[in-house]
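Structural characterization, general
Each chain, written out:
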Amino acid sequence: MIAIALVLIAILFIMVLSLRSKLGDADYRIAELTRRIWLLENPKPVAPPPPPPLPFVRAVIQEPVEFAPPPPSPPPPPPPPPPPPVFEPQPERSFAEVLGVSKSEEWETFVGGSLLNKLGALILVVGIALFLGYSFGHLTPGGRAAIALSISVLLLGAGVILERRGRYQLFSRGLIGAGWAALYATSYAVYALPEARIIDDPFIGSLVMLTVAAAMVTHSLYYRSQAVTAVAFFTAFAALSVTPNSPFAVISLIPLAAALLFLATRFEWYWLPLFGLVATYATCISRGQSGASLASTQSLFLLYWLLFEGFDLIRTKRRIVAGGLHLVSPLNTLGLFGLSYLSWSSHKPEHLWIAATCASALFFADTLARAYLRPAGENEPLEDRLKGGGYEASLVISSALAALAIVGRVPGIWTGAALALEAEVLYLAGIQLASPFIRALGYAAFVFSLRDVFFVAMSASKTVILGHRTWDWTPAASFHAALFYVNRAIRKPNALFSSVAAVLVSVVIAAEVPEAWIGVAWVIFAALLFELKDDFRQQSYVLLTLGAAAAFLSNLGLPHAPITPLAITAAVAYQAAIRRIPTLQIGATAATTLLSALLIFRLVPTPEQGLAWIALGILFLLHERVLAIYEFRAAGTAIAALAFLSTLVHNVDPPALALALPVVAGLYAAQFLMTQAETKLEEALYSVAATLLLSVVLYGRVSGSLLTVAWGCQALALLAVGFALNQRLLRLQGLALFGTCILKLFLYDLRNLETLYRILSFVALGVILLGVSWIYTRFQDQIKKLL
């Protein structure tokens, strides 16, 4: 109790200091009224209208004439009346000037004449309140009430009498405030305190307190002094805070606070509501637990809140922002939440979600009222709207309370979905009302709901839904994605919603689909997004890339993975590649190439893989020729190189010769296709690869004694085909192969072969070379034309 009294004394000290700036208000108002009366009695003279201009007459002067002297100038106008006296507000006078003391004695005078006056009044009222609560053996309740009433009337009367004398004005106002406070405490005690109770009827007791409060208001209206009113109310609050614990003490705060707010509204005393708000809630807190039911306690707190919130709504309607009045609503809300939480925690902590729901509805009604009283202006800063009493703060509080109610009531796996539904309502309201703030609040609510989904995902637990064992966060994430796509359809363009939805769907697919099918599921989802165009196209490109990579890597990491997902992924990638979309072409062709090659690797046995790959390469080259999709040329070259390497590694042994020759033929066919496309470099690569592969195959198939003859026959065949098809590149390779045979003949065969095979090699190669020479000589003219 002592600590509370000290806090109240400190508040009173600060309040008295702030009153010093208000001492010159009355003089200023009188001076302004005097100036207005003078202006009414001395109106400003009205100047006569100017004479009309003379008509212009053209005159012809033939001879000099004499001009008459100019007329005399008009008399000067009478001097204007003297300006009205300007009355400036008197500068604030110090306590030393009021009491006629020197500057050196000012602080001493302030402490002795003003501060001690207020503290004495406070202490006296507290003493009267303690007296009423103390049980004297020889005094009846009526006697105690009579003594307290007499002291109250004596203080009030002495203050009224001394107030008429200017020298004792400061002292008298302290007595007046103390008298009213003591009288109010006495009216409360004669009904609420057993030691001083002389009224048993609740209606009469309440009527007495209201009568005293009305009399105090009437007296304050007479003086119109904020200082007198503040002292009176402060001492009344202090008296109620130190009286014995009783429910009527906190009930008595309602008419007291109502009277304070009425005076603050009537006389525009802007700091008085803040004082009343703090004093009301501080007095209620100082009473502690009263043992009342939850319903009665919460109803009382609600009345407190409605009282001050109603005042703030009036302030909002009048567009008043001075004096820190914008702090009334947040402090009032803080007081309601603090007291309500303590009450519900002690009575029904398991039902806190009910309190949050009711409070959310209450603040939503407050939001509607504020939106009606202060509609949103164009380009008005948010800070100005909050100070002016806009609806934004109430809407945020209502939304936060609704979210707390959802978290407290809705089961774990559905919490995120319920929060998303609330966010959706806010977002749609923002669109309907064309309010960027409400839309931003909806965005923030979606972030909060996604945060809940994330934390549920961290639990890594599953639930059976419709016979399927799914992750706990999957339903909420899927519901978010559906809402985001709805929002994307309502307000276009909105790439943010569609992108987040695509991410959520992709994550759900990765969590719920078997690992081998993740890639194909992503690719199919990308194909659906691709057909929707607009911002969905960019999302489909990313998903197609991720899906192809997932399908490729999963088949490499899982040797026994099913082939069907890989084939579907390759088919979808192929369909994307032939759509001829520049931004998609390269990636889709690359995905088709990799997936098709991997599909052959998984399906075809190792010896036949080269044959399958060269067939795929020829197919890609035909795409380049027929469909003019030039990316397939690079894809065909890559697949052909893969076929060459596979055949070179696996099909050199004699049993695989039948599989190697079709690959050689395929490489020569690719050379022919490149010849038609006039791509010399790739044509040379295919031709050289085919010749080299055939030479290596002959090297593995033919024995060393006949290898020179076999290579000579191959060179002769290259020359023949080169002449027949006008392919100089083949003829040059034939000549190069003849040179290889000659080198082998002299460097290897002459020393290492048996005599019979050595003779055969020399004879056969010599005949072949002579024949080639005869051909070049015989058809020299035709060869020049071909070149």
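Starting from 1, residues in each chain are numbered consecutively following that chain's sequence as written. Totals for whole chains, interfaces and linings use all residues, but because this is a predicted model, local features are given only for residues with pLDDT of at least 70 and pairs of side-chain atoms are given and counted only at 80 or more. The basis for the side-chain values is all heavy atoms of the structure; hydrogens and waters are excluded.

**So, the packing of aromatic side chains**
Test applied: Note on ring pairs: Phe, Tyr and Trp rings are taken, using the six-membered ring of Trp, and paired if centres are within 6.5 Å. Classes follow the plane angle, with under 30 degrees stacked, over 60 edge-to-face and the rest tilted. The numbering of helices and of strands both runs from the N terminus, where a helix is a DSSP run of H or I of at least 4 residues and a strand a run of E of at least 2. Type-normalised accessible area, obtained with a 1.4 Å probe on protein chains alone, sets the label of each residue: buried when under 20%, exposed when over 50%, and partly exposed for intermediate values. Only when the NZ atom of a Lys or the CZ atom of an Arg is both within 6 Å of the ring centre and within 35 degrees of the ring normal do we say a charge sits over the ring.
As enumerated under the stated definition, the model contains 15 aromatic pairs in all. Ring geometry for Phe446 and Phe484: centres 5.0 Å apart, planes at 75°, overall edge-to-face. Note that Phe446 is positioned in helix H17 (residues 436–458) and Phe484 in helix H18 (residues 474–490), a separation of 38 residues in sequence. Both residues of the pair, Phe446 and Phe484, belong to the buried class. Relative to Phe455, the ring of Phe454 lies with its centre 5.7 Å away and its plane at 75°, an arrangement referred to as edge-to-face. An aromatic cluster of three or more residues is present, and its members are Tyr427, Tyr443, Phe446, Phe484 and Phe497. Here the guanidinium or amino end of Arg537 rests over the ring plane of Phe530, the centre of that ring lying 4.0 Å away. Over the ring of Phe723 we find Arg731; its NZ or CZ atom is 5.1 Å from the centre of that ring.

**Some words on the packing of helix H16 (residues 412–432) against H17**
Each packed pair of helices is defined by two parameters, the angle between the axes and the distance between the axes. The cut-off we apply is this: Every angle, taken between N-to-C directions, lies between 0 and 180 degrees, and every axis is a line fitted to C-alpha atoms, over only the stretch in contact when it is a helix. An angle below 35 degrees is treated as roughly parallel, one above 145 as roughly antiparallel, one from 65 to 115 as roughly perpendicular, and anything else as oblique. Residues count as neighbours in contact if any of their non-hydrogen atoms are within 4.5 Å of one another.
Where H16 contacts H17, the axes come no closer than 7 Å and their chain directions differ by 170°. Judged by the angle between their axes, H16 and H17 are roughly antiparallel. Touching Gly412, Thr415, Gly416, Leu419, Ala420, Ala423, Glu424, Leu426, Tyr427, Ala429, Gly430 and Ile431 of H16 are Ile438, Arg439, Leu441, Gly442, Tyr443, Ala445, Phe446, Phe448, Ser449, Asp452, Val453 and Val456, all from H17.

**Notes on the pairing of strand S2 (residues 468–471)**
This is how it is decided: Here, a strand pair is defined by DSSP locating no fewer than two bridges between the strands.
Note: strand S1 (residues 462–465) against S2, four bridges, orientation antiparallel. Looking across to S2, one finds that Val464 is bridged to Arg469. Counting the residues in the hairpin turn of S1 and S2 gives two residues, including Leu466, whose phi is positive at 55°.

**A word on the pattern of salt bridges**
Using the following cut-off: A carboxyl oxygen of Asp or Glu within 4 Å of a side-chain nitrogen of Lys or Arg is what we treat as a salt bridge.
Throughout the structure, instances matching the rule amount to 10 salt bridges. When the shortest N-O distance is used, the salt bridge between Arg370 and Asp312 registers 2.7 Å. Taken as a pair, Arg370 in helix H13 (residues 352–373) and Asp312 in helix H11 (residues 294–317) lie far apart in primary sequence, 58 residues in all. Accessibility expressed as a relative area gives 2% for Arg370, which makes it buried. We classify Asp312 as buried; its relative accessible area is 0%. Two residues, Arg579 and Glu531, come together in a salt bridge whose shortest N-O distance is 3.0 Å. Placement of the pair is Arg579 in the loop between helix H22 (563–577) and helix H23 (582–603) and Glu531 in helix H20 (residues 518–532), with a sequence separation of 48 residues. By relative accessible area, Arg579 is classed as partly exposed at 39%. Connected via shared salt-bridge partners are Glu309, Asp312, Arg315, Asp366 and Arg370.

**Focus on unusual backbone geometry**
For residues besides glycine, phi is generally negative; the peptide bonds are generally trans as well. Positive phi, close to 65°, is recorded for Lys533, a residue that is not glycine. Within the secondary structure, Lys533 is located in the loop between H20 and helix H21 (535–557). With a phi angle near 60°, Asn726 is a residue other than glycine that sits in the positive phi range. Secondary-structure assignment places Asn726 in the loop between helix H28 (707–725) and helix H29 (728–752).

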